[in-house]
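Below, each chain spelled out in residue letters.
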Amino acid sequence: QDLERRLEAIERERHEAQKPEVPQYVDPLEDPEGFRRYDEYSRNQIQSTLQEQQQSAQQQIAMRQRVTHAEQMEAAFTKTTPDYQQAAQFLHQNRMNELQAMGYGQAEVMQQLAQDANAIFDAGSRTGINPAQLVYLRAKEAGYQISAPVQDTTGEAAKMEATANAQAQTRGLGTAGGAAQTGKLTLAQMGDMTEEQIAKLSDEDFRLAAGG
């Protein structure tokens, strides 16, 4: 252990010795050469900082464009594969469980999931295949199965109710209503009509209603 500490100390000293000396500010009138070195060092530091900020901004723009493009491709694939989101969620959860079982911490799991997503996106870009389709195929390989779609009976019930209401509203309105539904006016329908409505009926309506 003592030897290890001495080696580490030597390594630190060597590392410190290799560091370039940071010029300190000096009065340009007293030390023009020292001030020149300080000024040059300061300019380089500012330039380096600006370049790093510019690179960071470009990376953020590229990332936003990448995310937007991925969302557009997912939306396009979902139009032809409505259960895509279910498959993607299945794959996400399956991969998360796998990583947690391998001993990954939460931060490591999220980082690996992000790397997986980027790898799929890059693979799709290289092959010309929608990355969402690759996600869907991987989900099926991992055991995803299309669940039975839930039938929306509410819409059908609403249609039936609307039809019944329409029939009730048109009953007794003469040939414009009842006759259009049954082919002829019935005596039952005439029984629901007002005197004013009955007065508008023709002799032919009466004849048909009576079965003649």
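Quick note: structure is the one above.
Sequence order as written defines the numbering, with residues in each chain counted from 1. The predicted nature of this model means local features are confined to residues of pLDDT at least 70 and side-chain atom pairs, given and counted, to a pLDDT of 80 or more, with totals for whole chains, interfaces and linings taken over all residues. To get the side-chain values, all heavy atoms of the structure are used, and hydrogens and water are removed first.

Asker: Can you explain the overall build of the chain? Please cite residues and give values.
Answerer: Strands here are runs of E lasting at least two residues and helices are runs of H or I lasting at least four, both read from the DSSP assignment and numbered beginning at the N terminus. What the chain contains, in helices and strands, is 10 helices and zero strands. Element order for the chain, N to C, with α for helix and β for strand: α-α-α-α-α-α-α-α-α-α. Only protein chains enter the accessibility calculation, which uses a 1.4 Å probe; a residue whose area is less than 20% of its type maximum is buried, one above 50% is exposed, and one in between is partly exposed. Split into buried and exposed, the 212 residues of the chain put 17% on the buried side. The contact definition used throughout considers only heavy atoms, calling two residues in contact when any of these lie within 4.5 Å. Pairs at least 24 apart in sequence give 39% of the contacts found in the chain among residues at least 6 apart.

Asker: Any chance you could break down the pattern of salt bridges for me, citing the residues and the numbers?
Answerer: Each reported salt bridge corresponds to a side-chain nitrogen of Lys or Arg within 4 Å of a carboxyl oxygen of Asp or Glu. Taken as a whole and judged by the stated rule, the model has seven salt bridges. Measuring nitrogen to oxygen at the nearest pair gives 2.6 Å for the salt bridge that ties glutamate 33 to arginine 36. Of this pair, glutamate 33 and arginine 36 both sit in helix H2 (residues 32–80), three residues apart, which is roughly one turn of the helix. A salt bridge links aspartate 116 to arginine 95, with the nearest nitrogen and oxygen atoms 2.7 Å apart. With aspartate 116 in helix H4 (residues 106–127) and arginine 95 in helix H3 (residues 84–101), this residue pair connects regions lying 21 residues apart in the sequence. Linked by salt bridges that have partners in common, Glu33, Arg36, Arg37 and Glu40 make up one network.

Asker: Help me get a handle on helix H5 (residues 131–141), residues and values and all.
Answerer: What H5 keeps buried is the set Pro131, Ala132, Leu134, Val135, Tyr136 and Ala139. Those residues of H5 hidden inside the fold are in contact with H2, H3 and H4. Taking the backbone nitrogen of alanine 132 as reference, a side-chain oxygen 2.9 Å away marks asparagine 130 as the first, capping residue of H5. Positive phi shows up at glycine 143, right after H5, with a value of about 115°. Two N or O atoms form a polar contact when they lie within 3.5 Å of each other; inside protein one atom must be a possible hydrogen donor and the other a possible acceptor, and for residues adjacent in sequence the pair counts only when both atoms belong to side chains.

Asker: Talk me through H4; I want residue IDs and the actual numbers.
Answerer: Between its terminal C-alpha atoms H4 stretches 32 Å, which fits the 32 Å expected from 22 residues at 1.5 Å a residue. Here H4 has its buried residues at Val109, Gln112, Leu113, Asp116, Ile120, Phe121 and Gly124. At its buried positions, H4 is contacted by H2, H3 and H5. In the stretch just after H4, glycine 128 is the one whose phi turns positive, near 80°. A helix is expected to span 1.5 Å for every residue after the first.

Asker: Which residues make up the environment of lysine 140, and what values go with them?
Answerer: Tracing the sequence through the fold places lysine 140 in helix H5. Exposure remark for lysine 140: the relative accessible area of 45% places this residue in the partly exposed category. In sequence terms lysine 140 and alanine 87 are 53 residues apart; their C-alpha atoms lie 7.6 Å from each other.

Asker: An account of the packing of aromatic side chains is needed here, citing residue identities and associated values.
Answerer: Whether two aromatic rings pair depends on their centres lying within 6.5 Å, for rings of Phe, Tyr and Trp, where Trp uses its six-membered ring; planes under 30 degrees apart make the pair stacked, over 60 edge-to-face, and the rest tilted. One pass over the structure, following the stated rule, counts seven aromatic pairs. Aromatic pair tyrosine 25 and phenylalanine 35: ring centres 6.0 Å apart, planes at 85°, arrangement edge-to-face. One end of the pair, tyrosine 25, is in the loop between helix H1 (2–18) and H2; the other, phenylalanine 35, is in helix H2, and 10 residues separate them in sequence. By relative accessible area, tyrosine 25 is classed as exposed at 53%. Among the residues examined, phenylalanine 35 registers a relative accessible area of 26% and is labelled partly exposed.

Asker: Let's hear about the packing of H4 against H5: which residues, and what values?
Answerer: How two helices pack is summed up by the angle between their axes together with the distance between the axes. The N-to-C vectors of H4 and H5 enclose an angle of 120°; their axes lie 8 Å apart at closest approach. Put simply, H4 runs oblique to H5. Crossing geometry of H4 relative to H5 is assigned as right-handed. Residues Ile120, Phe121, Ala123 and Gly124 of H4 touch H5, and the partners they reach there are Pro131, Leu134, Val135 and Arg138. Residues are grouped as follows: Ala, Val, Leu, Ile, Met, Phe, Trp, Tyr, Cys and Pro are nonpolar; Asp, Glu, Lys and Arg are charged; all remaining types, including Gly, are polar. Per-class residue counts for the contact of H4 with H5 are six nonpolar, one polar and one charged. As a rule, the C-alpha atoms of each element are fitted with a line to give its axis, helices using only the stretch in contact, and angles between N-to-C directions run from 0 to 180 degrees. If an angle is under 35 degrees, it is roughly parallel; if it is over 145, roughly antiparallel; if it lies from 65 to 115, roughly perpendicular; otherwise it is oblique. Note on convention: the crossing is left-handed when the near helix lies turned anticlockwise from the far helix by less than a right angle, right-handed when the turn is clockwise.

Asker: How would you summarise the nonpolar core if you had to cite specific residues and measurements?
Answerer: Counting residues in each nonpolar core, the largest one holds 12 residues, listed as Phe77, Tyr84, Ala87, Ala88, Leu91, Ile120, Ala132, Leu134, Val135, Tyr136, Ala139 and Tyr144. Those elements that place two or more of their residues in this core are H3 and H5. Looking at this core, the element that brings in the most residues is H5, giving five residues. As used here, the term nonpolar core means buried Ala, Val, Leu, Ile, Met, Phe, Trp, Tyr and Cys residues forming a set that is joined through side-chain atoms within 4.5 Å.

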